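# Architecture at a glance
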Amino acid sequence: MTEEPVSWLMIKPGWTVAGSDGEEIGRVSEVIGDSTHDIWDGLAVASGMLARPKYVAAEQVGSIVDGTVTLAMTQAQFEALGEYEEPPTSAEIEPEKASVVTRAEGWVEAPERDRPEHMSIARRILHWFGLERD
């Protein structure tokens, strides 16, 4: 019996990530997207509990079922991906000649990044061994 697909909004850090051949590649470290506007960019996937996560674009995800994300690539293709680099917070960059008041307004108005999907190294270790569940 096959499981029903679920939305990207259901993905949580710690979910298993498998390659197109069904072999486990790693675990979800972070879900990258804007749930408010239903815009999904991709995943940060760690292949080991101390490994630096790699970026997997949403277009490279084959299927999502409860607890597992299957990629549309093999483990070898996954290993060739670049490391995930956290994007900078959104803020309007003012030119150097902007007034002090204009720059201060930018600092005040720039939203703080709320990253509840981010998984610390300690939580990653707990998830890896199945000791913590959401």
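Below, the structure is looked at part by part.

Parameters at a glance
Residues numbered from 1 in each chain as written. Predicted model: local features only at pLDDT ≥ 70, side-chain atom pairs only at ≥ 80, totals over all residues. Heavy atoms only, no water. Pairing = 2+ DSSP bridges. Helix = DSSP H or I, 4+ residues; strand = E, 2+ residues; numbered from the N terminus. Buried < 20%, exposed > 50% of the residue type's maximum accessible area, 1.4 Å probe, protein only. Polar contact = N/O pair within 3.5 Å; in protein donor to acceptor, adjacent residues only side chain to side chain. Contact = heavy atoms within 4.5 Å. Core = buried A, V, L, I, M, F, W, Y, C linked by side-chain atoms within 4.5 Å. Axes fitted to C-alpha atoms, helices over the stretch in contact; angles between N-to-C directions.

Next up on the list: the pairing of strand 5 (residues 61-65). Here strand 5 runs beside strand 6 (residues 68-71); their pairing, made up of 4 bridges, is antiparallel. Each residue of the ladder has a partner; that of Val 61, found in strand 6, is Leu 71. Between strand 5 and strand 6, which pair antiparallel in sequence order, lie 2 residues; one of them, Gly 67, sits at a positive phi of approximately 90°.

Attention shifts here to the side chain of Arg 27. With respect to the element layout, Arg 27 can be found in strand 2 (residues 24-34). Since its relative accessible area comes to 15%, Arg 27 is described here as buried. Within the structure, the side chain of Arg 27 is placed 3.3 Å from the side chain of Glu 24, a separation counted as a polar contact.

What follows covers the environment of Trp 40. Here Trp 40 is to be found in strand 3 (residues 39-46). On the accessibility criterion, Trp 40 (18% relative accessible area) is buried. Along the chain, Trp 40 and Ala 58 lie 18 residues apart, while their C-alpha atoms are 6.6 Å from each other. In contact with Trp 40, not counting residues within four places along its chain, are Trp 8, Ile 11, Val 31, Ile 32, Gly 33, Ala 58, Val 61 and Ile 64.

Within soluble globular proteins, side chains that are nonpolar tend to cluster in buried spots. Ile 11, Trp 40, Leu 43, Val 69 and Leu 71 are the most contacted members of the largest nonpolar core, which totals 19 residues. Every element with two or more residues in this core is listed here: strand 2, strand 3, strand 5 and strand 6. What Val 69 contacts, discounting residues up to four positions off in sequence, is Ile 11, Trp 15, Thr 16, Val 17, Ala 18, Val 28, Leu 43, Val 61, Ser 63 and Ile 64.

This paragraph deals with the sheet that holds strand 5. Working definition: the strands of a sheet are paired by backbone hydrogen bonds and lie parallel or antiparallel to each other. The strand order across the open sheet formed by 6 strands is 4-3-2-1-6-5, and the pairing between neighbours is mixed. A strand with exactly one partner marks an edge of an open sheet, and here the two such strands are strand 4 (54-57) and strand 5. Direction aside, neighbouring strands of the sheet carry axes that sit 35° apart on average. Sheet analysis places strand 1 (residues 16-18) next to strand 2, joined by 3 bridges and oriented antiparallel. Of the residues in strand 2, the one forming a bridge with Val 17 is Gly 26.

The next thing to look at is the pairing of strand 6. Residue alternation in strand 6 divides its side chains into a buried set, Val 69 and Leu 71, and an unburied set, Thr 68 and Thr 70. Relative to strand 6, strand 1 is paired through 3 bridges, and the arrangement is parallel. Bridging across to strand 6, Ala 18 finds its partner in Thr 70.

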